[in-house]
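Breakdown of the fold
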Amino acid sequence: MTADQTHADTLIIGSGMAGYTLARELRTLDPETRITVLSADDGAVYSKPMISNAFKQGKTPDTLVQKSAEQMAAELNIEVRPFNRVHTIDRVAKAVSVEGAEGQGLITYTHLVLAVGANPRPYTVDGSDEVALPAVNSLADYGRWRANLKDGARVLIVGAGLIGVEFANDLAVAGYSVTLVDPAPKPLSRLLPDELGQVMQDALTDQGITFYMGRTIARVAQGSHGNTATLDDGTSIAFDTALTAIGLVANTQLAQSAGLEVGRGIRVDALLRTSDPNVFALGDCAETDAGVLPFILPLMGAARALAKTLMGTPTPLSLPALAVTVKTPALPTVVCPPSPGVEGRWVLEGQGQNRRAVFIGQAGEQLGFALTGSETKARQSLSREMPDLLAA
Ligand SMILES: Cc1cc2nc3c(=O)[nH]c(=O)nc-3n(C[C@H](O)[C@H](O)[C@H](O)COP(=O)(O)OP(=O)(O)OC[C@H]3O[C@@H](n4cnc5c(N)ncnc54)[C@H](O)[C@@H]3O)c2cc1C
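The name an unreviewed UniProt entry assigns to the chain is N-acyl-L-homoserine lactone synthetase, from the organism Magnetovibrio blakemorei. Per UniProt, the chain carries the Cofactor (unreviewed entry) text "FAD".

The sites that carry the UniProt feature "domain: FAD/NAD(P)-binding" (unreviewed entry) are, in the present numbering, residues 9–286. Across residues 9–286, helical content stands at 22% and strand content at 32%; the span's end C-alpha atoms are separated by 21 Å.

Another aspect to go through is the pattern of salt bridges. Under the definition given, this model contains 14 salt bridges. Among the salt bridges present, the one from Asp9 reaches Arg34, with a minimum N-O distance of 3.8 Å. Taken together, the residues span a long stretch of sequence, with Asp9 in strand β1 (residues 7–13) and Arg34 in the loop between α1 (17–29) and β2 (35–38) at a distance of 25 residues. Residue Asp9 is classed as partly exposed on the basis of its relative accessible area, which comes to 23%. By relative accessible area, which is 38% here, Arg34 ends up partly exposed. We note a salt bridge from Arg24 to Glu75, for which the minimum N-O separation is 3.1 Å. Of this pair, Arg24 sits in helix α1 while Glu75 is found in helix α2 (residues 69–76), placing the two residues 51 residues apart along the sequence. One connected set of salt bridges, linked through shared partners, spans Arg24, Lys67 and Glu75.

This part covers the site of the ligand. Inspection of the region around the ligand gives 31 residues, with Asp41, Val86, Asp284, Ile296 and Lys327 positioned closest. Asp41 has a polar side-chain atom sitting 2.9 Å from an oxygen atom of the ligand. Lys327 has a polar side-chain atom sitting 2.6 Å from an oxygen atom of the ligand. Contact with the protein chains removes 91% of the 1000 Å² of surface that the ligand exposes when unbound. Listed by contribution, the elements that provide at least two residues to the shell around the ligand are α1, β6 (85–90), α4 (162–173) and α7 (296–310). Residues that form the shell around the ligand fall into these classes: 16 nonpolar, ten polar and five charged. Here the shell around the ligand gathers at least three residues from each of two domains, domain 1 (7–119 + 248–310) and domain 2 (122–244).

Moving on, we get to the pairing of strand β15 (residues 236–239). Residues Ile237 and Phe239 of β15 are buried on one face, while the alternating residues Ser236 and Ala238, pointing to the opposite face, are not. Bridging between strand β14 (residues 226–231) and β15 involves four bridges; their strand directions are antiparallel. In the strand pairing of β15, Ala229 is matched with Ile237. Counting the residues in the hairpin turn of β14 and β15 gives four residues, including Gly234, whose phi is positive at 90°.

Across the two faces of strand β16 (residues 241–244) the burial is the same, with Thr241 and Leu243 and Ala242 and Thr244 all buried. The pairing of strand β10 (residues 154–158) with β16 spans four bridges and is classified as parallel. Its bridge partner being in β16, Leu156 is matched across the sheet by Ala242.

Moving on: the environment of Asp126. Structurally, Asp126 is set in the loop between β9 (118–120) and α3 (139–147). We classify Asp126 as exposed; its relative accessible area is 54%. With 93 residues separating them in the primary sequence, Asp126 and Arg219 have C-alpha atoms 4.5 Å apart. Look past the residues within four positions of Asp126 in its chain and what remains in contact with it is Ala218, Arg219 and Val220.

Rules behind the numbers
Residues numbered from 1 in each chain as written. Predicted model: local features only at pLDDT ≥ 70, side-chain atom pairs only at ≥ 80, totals over all residues. Heavy atoms only, no water. UniProt positions renumbered as here; feature names shortened; annotations may be inferred. Helix = DSSP H or I, 4+ residues; strand = E, 2+ residues; numbered from the N terminus. Salt bridge = Lys/Arg side-chain N within 4 Å of Asp/Glu carboxyl O. Buried < 20%, exposed > 50% of the residue type's maximum accessible area, 1.4 Å probe, protein only. Near = heavy atom within 4 Å. Polar contact = N/O pair within 3.5 Å; in protein donor to acceptor, adjacent residues only side chain to side chain. Areas by Shrake-Rupley, 256 points an atom, 1.4 Å probe, with all protein chains shown as cover. Nonpolar A, V, L, I, M, F, W, Y, C, P; charged D, E, K, R; others polar. Domains from an automatic or database assignment. Pairing = 2+ DSSP bridges. Contact = heavy atoms within 4.5 Å.

Next up, the structure:
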C-alpha cells in the first residue's frame, strides 16, 4: 500500500468489481490522481460470478482470489484500506469517518464514489432462528458456507432464480443432493417464459435436482438426523445445509443517512451523480434511469464513463441491452428480459433443449429474448435488434 493518505482526489467506498474497475479506469486516464479505496472486507480481488460455478471449475474459496489488496494497491498505485468500514459521510466537510484495526479516522475527498454493493434480501421463516438459512453474496460468505458443507450433504436451496439454479447445477455436479423450493411456477420465472422454465427444470431434474415449484416453506426445524423444512402443503424435506437465493437489496443505508436521494438503489443521473454533485455511485448499489442493474456489464460501462467524468470530461452513461449468460452447464442459457411491466408476448421456436423465445412489444418491436441449448448462438444477432437500456 502507498503511504497513508488523509485526502483523496477520488475516494471510493467498496472494493468489489465496481470500486476496483473504476480505480483501474481512473489510473489509465491519469497516472497522478490520488485514489483511495476503503473496504469493509479484506479488499481481495475476485470474480463474484465464479462463486456459483466454483465446483465445476475446480475452484476453492482460496483459489478464487486473483489478487490481494496489497497487490492491487501496488499494481494501480492507489491506497487500499481493507477492513475499513465507513460509518458516516459529512457532505459539508467532504469527509468520511472510517473505523478499522488502526481505530477511527477521517478522510477527506474531492470526489466520493459509493460502490457499496447490495445485501441479500432478508429471509426469515418459523424456526429460522434455530436453523441457519444463509445467503452467499461475497467470497467471505462463500468460504463460510462451504466450510459447513459436508461431503454428499443434502442441500436445500430457497429460490430458483439466476443464483439459485446456478448453485443447484454446480452442487449437483459435485455430488451433493440438491432440492430447490420457489413459490413461482417455474425456475427463472422473471427471465424465461414458462415453456423455457420447464426446459430448465427438466434439464436440472436430469442432474438429480428435486424441485418444489409453487411452494413456500412454512417452517424449518432441527432434528437428530439433520434439519427439516415443512412446505405450505405439508411436504417435509430433510436437509443438512440451506442456501437462500431470493434476491438482493441495494445497500443504500450509508447514502440515506447522509441525506442522499435513494429509491430502490442510490439514485444517480446520467453522469452517475447522486443528489450531491460531489458524490457518485455505481455497481449493485446504484439506481440509474434504467433501474438497479446488479450485473457486471453495466458496472463496467459505468466505471468507464465515470472515470472520464471525474477526470474532467462529463460522459453520460449509455448502456446497450443486457444479455446475461445463465451458468447452468446442464442447459446453456442466455437471457435478455423485457423491462418489468412492459406489454407484449413471447414468440417461441425450437424443440427439445434448443429453444428461442423472442418477446415482441405491441408495435411489433423486439423487446427481449431468451435462448437455450444450441440457440444461444443467436445471442449477438438478437442483441443487435434490442433497444438500448440507456441512450447517451
Ligand atoms: C453467486 C453470484 C453469481 C453472479 N453471476 C453473475 C454473472 O454471471 N454475470 C453477471 O453479470 N453478474 C453476476 N453476478 C452479479 C455480479 O457479481 C455483481 O453485480 C457485482 O459483482 C457487484 O459488484 P459491486 O462492486 O457493485 O458490489 P460488491 O461486490 O458487493 O462490493 C461491495 C463492496 O462494498 C464494500 N462495502 C459495503 N459497505 C461498506 C462500508 N460501509 N464501508 C466500506 N466498504 C463497504 C464491501 O466490503 C465490498 O467490498 C453474480 C452475483 C453472485 C452473488
